[in-house]
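Residues per chain, in single letters:
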Amino acid sequence: MKGFGLVLGGGGARGLAHIGVWQVLEDAGLTPSVVTGTSMGGLVGAFIAAGYSGAELERISGTVSWRRLLDWRPGTGLLKISAMEGWLAQHLPLTFEELTVPLAITATDMLTGRGVYLTRGSLHDALRATSAYPGALDSVPMRDMLLSDGGILNQVPVDAALFLGVQKVLAVDVTAPDALELHERRVLIWKREAHLGPVRALRRAVEIMQAQLTDARLSLYRPEVLLRPDLGSIDLMDFNRTGQAIAAGRDAATAELPRLKALLDGS
């Protein structure tokens, strides 16, 4: 297949950087032949595959109440399924087959422990599955599987784009955890009983594991271009920093634009 694949990694609010990347690609006339994504990357990827412009995506991201739709904090309860399904029905087609561009979304089958590519059938169920953060949101039953967050095994699914038939890939990784700020580290060390707290410690552990696994997978499935926007301290649930995340995506793509054009234009 000619063209390139656009691969969008998971990362909660950090994944809104994908919107900025898409705006730069769109302005440069670099349109992917296929899109793949995990978690928030899968959601943004679905909008791109459905034909939304970068400006439309930024408008939608600035008006939606993300905390009403998604809450990935362990122990905070279940996803408000009716609100999520209503929002998806308002903006996206029901099935993969209705999309303008082929799309693959990753999920993890909790019964077999295997990664799954979702490429057909119910788009909305696939998006719920890839966003089902372990310990926070219920897994989604689908056929003989019980599906959860694709980022458990495949946070930046370059292999899914290759599976769809492209030979060149642009991947965007927003998952690598930054070190804790120096001031914060010092405070933790100076306290007699320094600790992160159970919820934060769990999330930090998951982030570190995902980052290490992502690096290992990217060494096996190397994209032609890998963007890692500078997202600083933006956290999984920092949806109040949407503008900052989008700007970081724009900056990362703009900095690599000559290389992107050379490698991907007319591929």
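Residues numbered from 1 in each chain as written. Predicted model: local features only at pLDDT ≥ 70, side-chain atom pairs only at ≥ 80, totals over all residues. Heavy atoms only, no water.

Labelled according to an unreviewed UniProt entry, the protein appears under the name PNPLA domain-containing protein, originating from Deinococcus aerolatus.

Looking only at helices and strands, the protein features eleven helices and eight strands. When each of the 267 residues of the protein is scored for burial, the buried share is 53%. Once local pairs closer than 6 in sequence are excluded, the contacts in the protein between residues at least 24 apart make up 78%. For the protein, the accessible surface area stands at approximately 12300 Å², while carbon and sulfur atoms represent 53% of it. (Helix = DSSP H or I, 4+ residues; strand = E, 2+ residues; numbered from the N terminus. Buried < 20%, exposed > 50% of the residue type's maximum accessible area, 1.4 Å probe, protein only. Contact = heavy atoms within 4.5 Å. Areas by Shrake-Rupley, 256 points an atom, 1.4 Å probe, with all protein chains shown as cover.)

This part covers the packing of aromatic side chains. Counting across every chain of the model gives three aromatic pairs. Seen in terms of ring centroids, F47 and W87 are 5.6 Å apart; in terms of plane orientation they differ by 45°. Their pairing is tilted. With F47 in helix 2 (residues 40-49) and W87 in helix 5 (residues 81-91), this residue pair connects regions lying 40 residues apart in the sequence. Ring geometry for Y117 and F163: centres 5.0 Å apart, planes at 45°, overall tilted. Taken together, the residues Y117 in strand 4 (residues 114-118) and F163 in helix 7 (residues 158-163) connect sequence positions 46 residues apart. (Phe/Tyr/Trp six-rings, centres within 6.5 Å; stacked < 30°, edge-to-face > 60°.)

A few words on the pairing of strand 7 (residues 168-172). For strand 7, a buried count of four out of five residues is recorded, marking the element as mostly surrounded by other parts of the structure. In terms of strand pairing, strand 7 meets strand 8 (residues 225-227) through three bridges, oriented parallel. The partner of A171 across the bridge, within strand 8, is L226. (Pairing = 2+ DSSP bridges.)

Although it is not a glycine, S39 sits at a positive phi angle of roughly 55°. Here S39 is to be found in the loop between strand 2 (34-37) and helix 2. Overall, S39 belongs to the buried group, its relative accessible area being 7%. Backbone geometry places R143, a non-glycine residue, at a positive phi of 50°. Its location among the elements puts R143 in the loop between strand 5 (140-142) and strand 6 (145-149).

Along its 14 residues, helix 10 (residues 242-255) runs 20 Å from first to last C-alpha, staying within 8% of the 20 Å computed at 1.5 Å per residue. Residues of helix 10 that are buried: T242, A245, I246, A248, G249, A252 and A253. Down the axis of helix 10, the smallest arc covering the buried residues is 155°, so these residues share one side. Pointing more than 90 degrees away from the buried face of helix 10 are the exposed residues D251 and A255. (Expected span 1.5 Å × (residues − 1). Arc of directions from axis to C-beta.)

Mapped onto the elements of the fold, P32 is located in the loop between helix 1 (17-27) and strand 2. Between the alpha carbons of P32 and K2 there is a distance of 9.7 Å; along the sequence they are 30 residues apart.

A few words on the UniProt feature "short sequence motif: GXGXXG" (unreviewed entry) in the protein. The UniProt entry lists residues 10-15 under the feature "short sequence motif: GXGXXG" (unreviewed entry), expressed in the numbering used here. Between the end C-alpha atoms of residues 10-15 there is a gap of 6 Å, over a span that is 0% helix and 0% strand. (UniProt positions renumbered as here; feature names shortened; annotations may be inferred.)

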